[in-house]
Amino acid sequence: MKTWVFPHGKIALVRDACYAVLPSAAQSAGMAIKDGVAIAELLERVKLKDGIPAALKVYDELRIPMCL
């Protein structure tokens, strides 16, 4: 997937919905926690709901390279 954020920037995919990890690798839960922490940190900084798309774009830019 090129992006995990839907076109209007208000919905983002996390964990197994956007990247597949083999069950034997035991990494899915760890990656899900990292996704959750990244989104929480970014959304905490949003002051107005209009800032959500920008925060999710940053999430997209930070996490996709970590999962390739």
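These lines cover the structure that appears in this document, whether it is placed above or below. On a predicted model such as this, the values are computed, not experimentally measured, just so you know. (Residues numbered from 1 in each chain as written. Predicted model: local features only at pLDDT ≥ 70, side-chain atom pairs only at ≥ 80, totals over all residues. Heavy atoms only, no water.)

As a further point, take helix α1 (residues 28-44). Between its first and last C-alpha, α1 extends 24 Å over 17 residues, near the 24 Å set by a 1.5 Å rise per residue. Of all the positions in α1, only S28, M31, D35, A38, I39 and L42 are classed as buried. End-on view of α1: buried residues confined to an arc of 95°, all on one side of the axis. With respect to the buried face of α1, the exposed residues turned more than 90 degrees away are I33 and E44. (Helix = DSSP H or I, 4+ residues; strand = E, 2+ residues; numbered from the N terminus. Expected span 1.5 Å × (residues − 1). Buried < 20%, exposed > 50% of the residue type's maximum accessible area, 1.4 Å probe, protein only. Arc of directions from axis to C-beta.)

The subject of this paragraph is the pattern of salt bridges. Two side chains bearing opposite charge may form a pair once their charged atoms approach each other closely. Enumeration according to the criterion identifies three salt bridges in this entry. Residue E41 is joined to R45 by a salt bridge in which the shortest nitrogen-to-oxygen separation is 3.9 Å. By relative accessible area, R45 is classed as exposed at 60%. (Salt bridge = Lys/Arg side-chain N within 4 Å of Asp/Glu carboxyl O.)

Moving on to the environment of A17. Along the polypeptide, A17 turns up in the segment before α1. In this structure the C-alpha to C-alpha distance between A17 and W4, which are 13 residues apart in sequence, comes to 8.9 Å.

Turning next to the nonpolar core. With 11 residues, the main nonpolar core is built from W4, L13, C18, M31, A38, I39, L42, A55, Y59, I64 and C67. Of all the elements in the fold, those that place two or more residues in this core are α1 and α2 (52-66). For this core, the element with the most residues is α1, which contributes four residues. Sequence-distant contacts of Y59, defined by excluding residues within four places in its chain, comprise W4, A12, L13, V14, D35, A38, I39 and L42. (Core = buried A, V, L, I, M, F, W, Y, C linked by side-chain atoms within 4.5 Å. Contact = heavy atoms within 4.5 Å.)

At a minimum axis separation of 9 Å, α1 and α2 run at an interaxial angle of 145°. Crossing handedness for the pair α1 and α2: right-handed. Packed against α1, whose contacting residues are M31, K34, D35, A38, I39, L42 and L43, the element α2 presents I52, A55, V58, Y59, L62 and R63 at the interface. (Axes fitted to C-alpha atoms, helices over the stretch in contact; angles between N-to-C directions. Left-handed = near helix turned anticlockwise from the far one by under 90°.)

Next up on the list: the environment of A32. By the element assignment, A32 lies in helix α1. Note on A32: relative accessible area 22%, which makes it partly exposed. Between the C-alpha atoms of A32 and D16, which are 16 residues apart in sequence, the distance is 7.9 Å.

Note that every value here comes from positions in space, so none of it alone points to a role or purpose.
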